[in-house]
Amino acid sequence: MDSAARDKMQRALPTGSSCPGPEWPEQERAEQLARGAALKWASGIFYRPEQLARLGQYRSREVQRTCSLEARIKSVVQSYLEGVKTGVWQLAQALEAVRGTREALGQARELLRDMAEAAQTLEPLREQVVQHKQLQALSQLLPRLRAVPAAVAHTQTLIDAQRFLEAYVSLRELEQLQEETCAHLGGLELPVFEGLGPLAEALGQAVEAAAGAAGQLAREDPALLVAAMRVAEVDAGRTTSLEQAPRDWRQRCLHALQQGLERVHFGTSLQPGPGALAEWLEALRVALPAELAMAEALVAPCCPPHYKVVQLWAHTLHGGLRRCLQQLLEGPELEAADTFTLLHWALHVYQGPEMMGSLELGPEADVSDLEPLLTLENIEQLEATFVAKVQANVAQWLQKALDGEVVEWGREQEPDTDLSGFYHSPLPAIVLQILEENIRVTRMVSVSLQRRVHGMALSELSAFLRSFSDALIRFSRDHLRGDAVVPHYVPYLLATLNHQLALSSSVSVLQPEWVVPGVLAPVEAELDKLQKRICRLVLEALLAELQPLFAVLPSRRWLSSPELLDDVCERTARFCQNFRHVRNPAVQLLLAEAERTVVLQYLRALMQGRLVCRGADERTQAAERLQHDAAQLQELFLGLGLEESVQCAPVLLALRELLNLSDPTLLGLEVAGLRQQFPDVSEDHVSALLDLRGDVSREQRLAALSSLRAGPQPSPPAGRRALFSLVPTPAPSLASCFPSGSCA
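Residues numbered from 1 in each chain as written. Predicted model: local features only at pLDDT ≥ 70, side-chain atom pairs only at ≥ 80, totals over all residues. Heavy atoms only, no water.

Novice: What's the story with the overall build of the chain in this structure? I'm lost.
Specialist: Check the secondary structure of the chain and you find 25 helices and zero strands. Against the globule reference of 27 Å for 744 residues, the chain gives a C-alpha radius of gyration of 62 Å, more extended than a compact globule. With respect to the three principal axes, the spread of C-alpha positions in the chain is 180 × 130 × 45 Å. With 744 residues in all, the chain has 40% of them scored as buried. Restricting to contacts in the chain with at least 6 residues of sequence separation, those with at least 24 account for 76%. Just so you have it, the chain exposes about 41800 Å², and 56% of that area is on carbon and sulfur atoms. When the 70 basic and 92 acidic side-chain charges of the chain are each reduced to a single mean position, those positions are 12 Å apart. (Helix = DSSP H or I, 4+ residues; strand = E, 2+ residues; numbered from the N terminus. Rg over C-alpha atoms; globule rule 2.2 N^0.38 Å. Buried < 20%, exposed > 50% of the residue type's maximum accessible area, 1.4 Å probe, protein only. Contact = heavy atoms within 4.5 Å. Areas by Shrake-Rupley, 256 points an atom, 1.4 Å probe, with all protein chains shown as cover. Lys, Arg positive; Asp, Glu negative; His and termini not counted. Charge placed at Lys NZ, Arg CZ, Asp CG, Glu CD.)

Structure representation (structure tokens):
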């Protein structure tokens, strides 16, 4: 581009759009970089002399390129200027159009203002036209309006006559006339139609009353029930132009159906009184399935299918019964029989095949998905009430049985016996029958109730056994004190032992299969305590007879004559004769305890120091007497039926060896042997026996007693119970006290 063209372009540009001068450092730097690049390029091209010949070609090429660029720039600028010119022209045209539109709107606004003023002058005329139209409509409807009061009275007569369909048709005609009149009068209500609201309500109440007596009408007048249901259904599809609340006769009929059904079966006057619950539930067991069958056969055909009459009947009866039972539980506490009856009926009979689970009822009568008649809290409450009531009754029954048994103990006759000759009483059978029946009958209700009653039964049995034991103690105390002398004291004690044995052998009936092992342990422990108590009372009676005889033993007379032990054996045999009325294994226990008691009394007598042998002859006599007495006692109890292996009389033979020893220096060996057989023998016992010998010096006594302390304490032989530890000894004299003895 030459300088003249550049100057011309600069003059053509506006002042504010001239090319930036040196005041733009970035442009100046760019021009410098461009010139540097051009110089670098030119120096590279024309570096060799042979290329200078082509300088003209390069110049002409650059001139052509420059011209091409200038032409393109001119074209772009010309196109831009033409677009700007066109835009300026379009803006001028738009401005003219806006001005024209503004003038037109102003003219329209003036016209509208003039028309509004004209319309206000026509308003009275418009009102006159509306009134004319209303008067014209009234003149046309006047004959029909004059007949409205008569039609209302006629409709009321139809309602009273229970002609529901005709009454509804008449009511709808009146309502349509009312709607037509209101439409012509612009919503104005005429006083002549004021009676339509009460008339419609009267018809609704009549239809509702018919629905409430659906069961009775289905049997006596099904046409009336069908008419009532049709009226309710037709009215459900009614539409009106008046602003009236919906009558909703369909819902009122359904509600009336439910209320009428609940009133028939669960009305306040029909709820059971005290003691009448079982009869009421039995009546419901018969009435509810019959009601459902009647609903399916008679009521359902009279109602629309979407009413689902059988399902509605079943759910209504279930809900009413549930509410009635809840009210019953909120009232006074039920007795045990009523509680059991209600639990069994609600949990088994109601859902059973006799009632709601009957195969004759369709699936619509299924109530298994509804809330149960009794909630878990109700069941818990009823079970707790039942257990408490039954526990009180069982305690009372058991106490009466025990009181009757205690009265029997004071009879002049011996206890009754069974065919085998054993003492017998119905008391154990009565006790177990009471408890077992209460456990067994609860199986008809639920496992949880059976577990509760089972625990209660075991608790009451334990309490009964404790009361029985206490009664025995009072019985024995009164007899021994002389407050109430019992002619047959021991036989009745033995009879109670048979009672204990009968209870022990039969208590397993109180342990069903589902009970965990060991649950009877507390009862068995009480039975063991009772057995020990009875045995102790029997043995105390035996001691009372034998103690006077053992009071003079040993003595000189005892050395020379067996009469003293003969008396002991005679009384013991006579006392034990009643043992034959006791069943095994209790009789073996009694005989073993009686034999042990006699032996213990014998040992106590020997330890009292009443006799001291004067010489070898008396020691020999004493040893022979011990041998003879041991044999006599063994023979006695063998004759009574006691096994020889459990007898304690052989202890006398061990003492015989201690007395029969002729050389006192060997007493240590005998004492050691005695200790091996009877580890519970003490120094006091040995000292008492040495005193009985009468020939033991101080040194020999010390040597014999030292053998007791030599070596470890031996273990008692298997199956042998302690004897010497139960035998007291008199306080030793000062002459026989040793530093290591009990007096040290």
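From this point, the discussion proceeds with the structure in view.
Novice: How do you make sense of the nonpolar core when you look at a structure like this?
Specialist: It is characteristic of soluble globular proteins that their nonpolar side chains tend to be buried jointly. In this structure, Trp-313, Leu-321, Trp-558 and Phe-579 are the most contacted members of the largest nonpolar core, which totals 196 residues. Of all the elements, helix H20 (residues 586-607) adds the most residues to this core, at 14 residues. With residues near it in sequence (within four places) discarded, Phe-579 still touches Leu-494, Val-538, Val-587, Leu-590, Leu-591 and Ala-594. (Core = buried A, V, L, I, M, F, W, Y, C linked by side-chain atoms within 4.5 Å.)

Novice: Is there a simple way to explain the packing of H20 against helix H21 (residues 616-640) in this structure?
Specialist: If you want to describe how two helices pack, look at the angle between their axes and the distance between the axes. Where H20 contacts H21, the two axes come as close as 10 Å, and the packing angle between them is 165 degrees. In terms of axis orientation, H20 runs roughly antiparallel to H21. Classified by chirality, the crossing of H21 by H20 is right-handed. Together, Leu-591, Ala-594, Glu-595, Val-598, Tyr-602 and Leu-606 of H20 and Arg-625, Leu-626, Asp-629, Leu-633, Phe-637 and Leu-640 of H21 make up the contact between the two elements. Grouping the constituent residues of the contact of H20 with H21 by class yields nine nonpolar, no polar and three charged. (Axes fitted to C-alpha atoms, helices over the stretch in contact; angles between N-to-C directions. Parallel < 35°, antiparallel > 145°, perpendicular 65-115°, else oblique. Left-handed = near helix turned anticlockwise from the far one by under 90°. Nonpolar A, V, L, I, M, F, W, Y, C, P; charged D, E, K, R; others polar.)

Novice: Quick question: what am I supposed to make of the side chain of His-318 here?
Specialist: Relative to the elements of secondary structure, His-318 occurs in helix H11 (residues 309-330). Using a relative accessible area of 3% as the deciding quantity, one classes His-318 as buried. If near-sequence neighbours (up to four positions away) are discounted, His-318 is found in contact with Tyr-350, Val-367, Leu-370, Glu-371, Pro-372 and Leu-373.

Novice: Sorry, what's going on with the side chain of Arg-596 here?
Specialist: Relative to the elements of secondary structure, Arg-596 occurs in helix H20. Although buried, Arg-596 forms no salt bridge, and the nearest oppositely charged side chain, Glu-593, lies 4.3 Å from it. When neighbours within four sequence positions are excluded, Arg-596 is seen to be in contact with Cys-648, Arg-721, Ala-722, Leu-723 and Leu-726. (Salt bridge = Lys/Arg side-chain N within 4 Å of Asp/Glu carboxyl O.)

Novice: Even after reading the chapter, I still don't get a nonpolar patch on the surface, so can you show me in this structure?
Specialist: Residues Ile-73, Val-77, Tyr-80, Leu-81, Val-84 and Val-88 make up a contiguous nonpolar surface patch of about 560 Å² in total accessible area. You can see Val-84 is positioned in helix H3 (residues 55-146). A residue is classified by how much of its surface remains accessible, and Val-84, at 38% relative accessible area, is partly exposed. (Patch = residues over 30% accessible without salt bridge, like charges linked within 9 Å, V, L, I, M, F, W, Y side chains within 5 Å.)

Novice: Quick question: what am I supposed to make of unusual backbone geometry here?
Specialist: Excluding glycine, residues mostly carry a negative phi; peptide bonds, for their part, are mostly trans. With an omega dihedral of 0 degrees, the bond running from Leu-553 to Pro-554 counts as a cis peptide bond. One can find Pro-554 in the loop between helix H17 (521-550) and helix H18 (556-560). A cis amide bond, omega 0 degrees, links Asn-584 with the succeeding residue Pro-585. With respect to the helices and strands, the residue Pro-585 is situated in the loop between helix H19 (563-576) and H20.

Novice: How should the pattern of salt bridges be read in this particular structure?
Specialist: Close approach of charged atoms allows side chains of opposite charge to pair. According to the stated counting rule, one finds 30 salt bridges in the structure shown. Salt-bridge contacts for Glu-110 lead to Arg-113; the nearest nitrogen and oxygen are separated by 3.0 Å. Of the two residues, Glu-110 and Arg-113 are both situated in helix H3; the distance of three residues between them amounts to about one turn of the helix. Classification of Arg-113 as partly exposed rests on a relative accessible area of 39%. Measuring nitrogen to oxygen at the nearest pair gives 2.3 Å for the salt bridge that ties Arg-452 to Glu-380. A residue pair is termed long-range when its members are at least 10 positions apart, and Arg-452 in helix H15 (residues 447-481) and Glu-380 in helix H13 (residues 376-409) qualify at 72 residues. A residue is classified by how much of its surface remains accessible, and Arg-452, at 28% relative accessible area, is partly exposed. For Glu-380, a relative accessible area of 41% corresponds to the partly exposed category.

Novice: It is not clear to me how the packing of aromatic side chains should be interpreted in this structure. Could you clarify?
Specialist: Here a ring pair, both rings aromatic, is described through the centre-centre distance and the interplanar angle of the planes. Inspection of every chain in the model, using the stated rule, returns 11 aromatic pairs. Note on Trp-345 and Tyr-350: the rings are 5.7 Å apart at their centroids and 40 degrees apart in plane angle, and the pair reads as tilted. Its relative accessible area of 4% is what places Trp-345 among the buried residues. Ring geometry for Trp-409 and Phe-475: centres 5.1 Å apart, planes at 55 degrees, overall tilted. On the criterion of sequence distance, the pair formed by Trp-409 in helix H13 and Phe-475 in helix H15 is long-range, its members being 66 residues apart. (Phe/Tyr/Trp six-rings, centres within 6.5 Å; stacked < 30°, edge-to-face > 60°.)

Novice: I keep staring at the environment of Phe-575 and nothing clicks. Help me out?
Specialist: Checked against the element boundaries, Phe-575 lands in helix H19. Classification of Phe-575 by relative accessible area gives buried; the value is 5%. For the pair formed by Phe-575 and Ala-228, sequence separation is 347 residues and the distance between their alpha carbons is 95 Å. Once residues lying within four places of it in the same chain are set aside, the contact partners of Phe-575 are Val-490, Val-538, Ala-541, Leu-542 and Glu-545.

Novice: I'm lost on the state of the cysteines in this one. Help?
Specialist: Each disulfide is one covalent bond, formed between the sulfur atoms of two cysteines. Scanning the entire structure with this criterion turns up zero disulfides. Cysteine Cys-302 shares no disulfide, and the gap to the nearest cysteine sulfur, in Cys-303, comes to 6.2 Å. For Cys-302, a relative accessible area of 9% corresponds to the buried category. (Disulfide = S-S within 2.5 Å.)

Novice: How should I be thinking about helix H22 (residues 650-660) in this particular structure?
Specialist: Residue pairs spaced three or four apart in an α-helix point in one direction, given the helix's 3.6 residues per turn. Every buried residue of H22 is accounted for by Val-651, Leu-652, Ala-654, Leu-655, Arg-656, Leu-658 and Leu-659. Buried residues along H22 sit in contact with H20, H21, helix H23 (667-677) and helix H24 (683-693).

Novice: Please clarify how the packing of helix H10 (residues 277-302) against H11 should be interpreted in this entry.
Specialist: Two elements in contact, H10 and H11, have axes whose closest approach is 9 Å; the angle formed by their N-to-C orientations is 160 degrees. Taken together, the axis directions place H10 and H11 in an arrangement best described as roughly antiparallel. As H10 packs across H11, the resulting crossing turns out to be right-handed. Residues Leu-277, Trp-280, Leu-284, Leu-288, Glu-291, Leu-292, Met-294, Ala-295, Glu-296, Val-299 and Ala-300 of H10 pack against Val-309, Val-310, Trp-313, Ala-314, Leu-317, Leu-321, Cys-324, Leu-325 and Leu-328 of H11. Class assignment of the residues belonging to the contact of H10 with H11 gives a composition of 18 nonpolar, no polar and two charged.

Novice: Looking at this structure, how should I read the confidence of the model for the chain?
Specialist: As a note on interpretation, predicted positions should not be read in detail where pLDDT is low. Scored by pLDDT, the chain has a mean of 84; 91% of the residues are at 70 or more. Averaged pLDDT values for the elements of the chain fall to 43 in helix H1 (residues 3-12) and rise to 93 in H13. Predicted confidence is poor over residues 1-22, with pLDDT under 50, and the contacts of this stretch with residues over four places away or in other chains come to eight contacts. In this model residues 733-744 is a low-confidence stretch, pLDDT under 50, and it forms 17 contacts with partners more than four residues away in sequence or in other chains. (pLDDT = per-residue confidence, 0-100.)

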